Amino acid sequence: MEAISRFTRPVPAVSGARQWLTLTGRKTVLVVAHTITYGKRLLDVVPLLESDFRIQVVFTVPPHELGDGTARFLHGAGSAVVPWEEAVRTEFDLALAAGPRHMDEVRARVVMLPHGANFVKRPPGGRESGVFGLRRQDLLLDGRVPAAVVLAHGDDLAALARGCPEALPVASVVGDPARDRIVASLPHRDTYRAALGLGPGERLVTVTSTWGPGSAFARFDLLLPRLMDQVRGTGDRLAVLLHPNVWSGHGSRQVRAWLGCWAEQGLGIVPPDMDWRPVLCAADLIIGDHGSVTLYGTLTGAPILLAASPEHEINPASPAADLAVLAPSLSPVHPLDEQLAYATAEYRRPVYEALSARITSAPGRFDRGMRALLYHLLGLGQPAHAPRTQPLPAPDRLRVWPHTGREATA
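Residues numbered from 1 in each chain as written. Predicted model: local features only at pLDDT ≥ 70, side-chain atom pairs only at ≥ 80, totals over all residues. Heavy atoms only, no water.

Enquirer: Even after reading the chapter, I still don't get the confidence of the model for the protein, so can you show me in this structure?
Expert: Detailed reading of predicted coordinates is not advised where the pLDDT is low. When pLDDT is averaged across the protein, the result is 88; 89% of the residues are at 70 or more. Scored below 50 in pLDDT, residues 400–410 shows 39 contacts in the model against residues more than four places distant or in partner chains. (pLDDT = per-residue confidence, 0-100. Contact = heavy atoms within 4.5 Å.)

Rendered as structure tokens:
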């Protein structure tokens with residue numbers, strides 16, 4: 001006889017550890033984290049629900065070629081993780097996901113969220129092939145429209161109308177959780193810098209990279225030696241933020257091996273399970289590419305240099321396309337120290353603030369808008385208090401820094 005899921009209602013007999021649940025008969029919400037990247041975005045949403053005694057939130061990890069380490073990451077966050085095979089046999093009141101893979105197998109009304117800043121990338125095939133995240137194949141569940149499609153900016157509605165017009169009636173512009181938390185955290189910059197081991201007057205240069213052949217990481221074998229030579233003997237410190245798909249795709253052992261020689265010289269490496277946002281807030285200068293993290297860097301006040309910006313991969317209607325024109329491009333010819341000085345001298349905060357304003361048309365309102373949407377779909381009244389965007393906690397670890405040969409801890 002097929003085992004009855006531990007979260008099915010009613011519960012005449014429940015298998016596994018969850019048979020000892022104290023609270024039963026809750027509304028159940030399934031969080032489907034395909035990858036660490038998706039999981040991190042969804043963990044910004046879960047706090048809007050999980051403190052409510054009327055709701056039980058559980059997580060699952062479906063098959064995905066870039067899903068390595070996702071279950072371990074969720075367990076590390078204290079999440080209740082059910083096997084995918086059990087999740088698809090169970091009915092839930094709602095499911096949250098940041099990608100469409102296997103979501104047609106889930107027995108729940110599905111809420112689809114973006115997993116990064118805006119929709120900055122386009123697939124191969126040129127402008128006519130649409131925008132990643134807003135096409136039919138990105139949103140429809142075996143031909144069915146999800147219960148809700150969450151957007152960060154009102155401008156995304158036009159791209160959605162072109163890519164998946166069936167989803168327009170269920171689209172909601174609610175904002176961007178990462179943007180709101182970064183802005184709420186910027187006043188705590190000094191706390192983050194102290195936790196990372198930075199002293200007064202020490203400058204943090206943060207290198208960010210998305211994944212794929214057009215990323216900054218694809219040029220690290222040439223870029224990192226120059227950067228390490230630059231920080232050696234100065235007050236600068238260097239940290240790298242790699243997209244979790246780099247770690248999952250190549251394997252963490254391989255990535256650490258590639259970066260090992262520079263780590264021995266003091267390169268700071270942010271592991272994939274660590275929150276990258278406090279490190280971004282602590283940065284004095286950012287060297288990045290066309291990924292979401294670099295775009296979020298426009299919120300911080302740090303000058304930006306671009307090490308990679310492949311035009312054919314960037315959605316031309318996105319703020320990433322504007323950043324590719326605005327930010328200075330790193331040259332392999334000119335001395336690096338001169339380029340860093342140039343980027344700092346030419347930086348104009350109001351211009352970058354105008355660009356960062358394009359990340360969302362609902363700044364500071366994600367928690368309020370998202371909570372209202374979720375409770376509406378669950379058929380519950382919202383808690384009688386306004387949600388509050390929490391500042392990010394201080395980072396608790398980072399790999400070695402220049403000049404120290406040790407690990408910096410909080």
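Enquirer: How should the pairing of strand 10 (residues 285–288) be read in this particular structure?
Expert: Of the two faces of strand 10, the one holding Leu285 and Ile287 and the one holding Ile286 and Gly288 are both buried throughout. Examined bridge by bridge, strand 10 and strand 11 (residues 304–306) share three bridges and lie parallel to one another. Each bridged residue has a counterpart across the sheet, and for Gly288 the counterpart in strand 11 is Leu306. (Buried < 20%, exposed > 50% of the residue type's maximum accessible area, 1.4 Å probe, protein only. Helix = DSSP H or I, 4+ residues; strand = E, 2+ residues; numbered from the N terminus. Pairing = 2+ DSSP bridges.)

Enquirer: Before we go on, may I ask you to explain the sheet that holds strand 8 (residues 236–242) in this structure?
Expert: Strand pairing within a sheet occurs via backbone hydrogen bonds; the two strands may be parallel or antiparallel. If you walk across this open sheet you meet the five strands as 9-8-7-10-11, and the pairing is parallel. The open sheet has two edge strands with one neighbour each: strand 9 (268–270) and strand 11. In this sheet, adjacent strand axes meet at a mean angle of 20° when their direction is disregarded. Strand direction decides the pairing type here: strand 8 and strand 9, joined by three bridges, are parallel. (Axes fitted to C-alpha atoms, helices over the stretch in contact; angles between N-to-C directions.)

Enquirer: What's the story with the nonpolar core in this structure? I'm lost.
Expert: In summary, soluble globular proteins display a tendency toward joint burial of nonpolar side chains. One finds Ile182, Leu280, Leu295, Tyr296, Ile304 and Leu323 to be the most contacted residues of the largest nonpolar core, which totals 35 residues. Taken together, the elements giving at least two residues each to this core come down to helix 6 (177–185), strand 8, helix 11 (277–282), helix 12 (292–296), strand 11, helix 13 (319–326) and helix 15 (349–356). The leading source of residues in this core is helix 11, at four residues. Leu96, Val174, Leu374 and Tyr375 belong to the second-largest nonpolar core, a separate cluster that totals 30 residues. (Core = buried A, V, L, I, M, F, W, Y, C linked by side-chain atoms within 4.5 Å.)

Enquirer: Teacher, can you tell me more about the pattern of salt bridges here?
Expert: Opposite charge on two side chains permits them to pair, given that their charged atoms come into close proximity. One pass over the structure, following the stated rule, counts 15 salt bridges. Salt-bridge contacts for Glu65 lead to Arg101; the nearest nitrogen and oxygen are separated by 3.0 Å. Of this pair, Glu65 sits in the loop between strand 2 (55–60) and helix 2 (70–76) while Arg101 is found in the loop between strand 3 (94–97) and strand 4 (110–112), placing the two residues 36 residues apart along the sequence. Ionic pairing is found between Arg135 and Asp138, a salt bridge with its closest N-O pair at 2.9 Å. Salt bridges here are not isolated pairs; linked through shared partners, they connect Asp44, Arg181, Asp275 and Arg277. (Salt bridge = Lys/Arg side-chain N within 4 Å of Asp/Glu carboxyl O.)

Enquirer: Sorry if this is basic, but what is going on with the packing of aromatic side chains here?
Expert: Two aromatic rings are characterised by how far apart their centres lie and by the angle between their planes. Counted according to the given criterion, the structure contains four aromatic pairs. An angle of 50° between the planes, with centres 6.2 Å apart, marks the rings of Phe217 and Trp258 as tilted. Pair noted here: Phe217 is in the loop between strand 7 (203–209) and helix 8 (220–231) and Trp258 is in helix 10 (residues 252–264), with a separation of 41 residues, a long-range link. On the basis of relative accessibility, which here comes to 39%, the residue Trp258 falls in the partly exposed class. (Phe/Tyr/Trp six-rings, centres within 6.5 Å; stacked < 30°, edge-to-face > 60°.)

Enquirer: Please explain the packing of helix 13 against helix 15 as it appears in this structure.
Expert: Axes are the key here: two packed helices are described by the angle between their axes and the distance separating the axes. Two elements in contact, helix 13 and helix 15, have axes separated by 10 Å at closest approach and are oriented at 160°. Between helix 13 and helix 15, the angle is such that the two are roughly antiparallel. Considering the relative orientation of helix 13 and helix 15, their crossing is left-handed. Judged by residue contacts, Pro319, Asp322, Leu323 and Leu326 of helix 13 engage Val351, Tyr352 and Leu355 from helix 15. Grouping the amino acids of the contact of helix 13 with helix 15 by side-chain chemistry returns six nonpolar, no polar and one charged. (Parallel < 35°, antiparallel > 145°, perpendicular 65-115°, else oblique. Left-handed = near helix turned anticlockwise from the far one by under 90°. Nonpolar A, V, L, I, M, F, W, Y, C, P; charged D, E, K, R; others polar.)

Enquirer: Help me understand the sheet that holds strand 4, please; the structure alone is not making it clear to me.
Expert: Reading across the sheet, the six strands line up as 2-1-3-4-5-6 and stay open at both edges, with parallel pairing between neighbours. If you trace the sheet from one side to the other, it starts and ends with strand 2 and strand 6 (171–173), each paired once. Taking the axes of each pair of neighbouring strands and ignoring which way they run, one obtains an average angle of 25° across the sheet. Pairing of strand 4 with strand 5 (residues 148–151), which is carried by two bridges, proceeds in the parallel orientation. Residue Val111 lies in a different strand from strand 5, and its bridge partner there is Ala148.

Enquirer: What is the right way to read helix 15 from this model?
Expert: An α-helical turn contains 3.6 residues, so a residue and the one three or four places further along point in the same direction. Taken together, the buried positions of helix 15 are occupied by Tyr352, Leu355 and Ser356. All buried residues of helix 15 project into a common sector of 95° when viewed along the axis, lining one side. Facing away from the buried side of helix 15, by more than 90 degrees, are the exposed residues Pro350 and Ala354. (Arc of directions from axis to C-beta.)

Enquirer: Sorry if this is basic, but what is going on with a nonpolar patch on the surface here?
Expert: On the surface, Leu157, Leu168 and Val173 cluster together into a nonpolar patch covering about 180 Å² of accessible area. Counting through the fold element by element, Leu157 comes out in helix 5 (residues 156–163). (Patch = residues over 30% accessible without salt bridge, like charges linked within 9 Å, V, L, I, M, F, W, Y side chains within 5 Å. Areas by Shrake-Rupley, 256 points an atom, 1.4 Å probe, with all protein chains shown as cover.)

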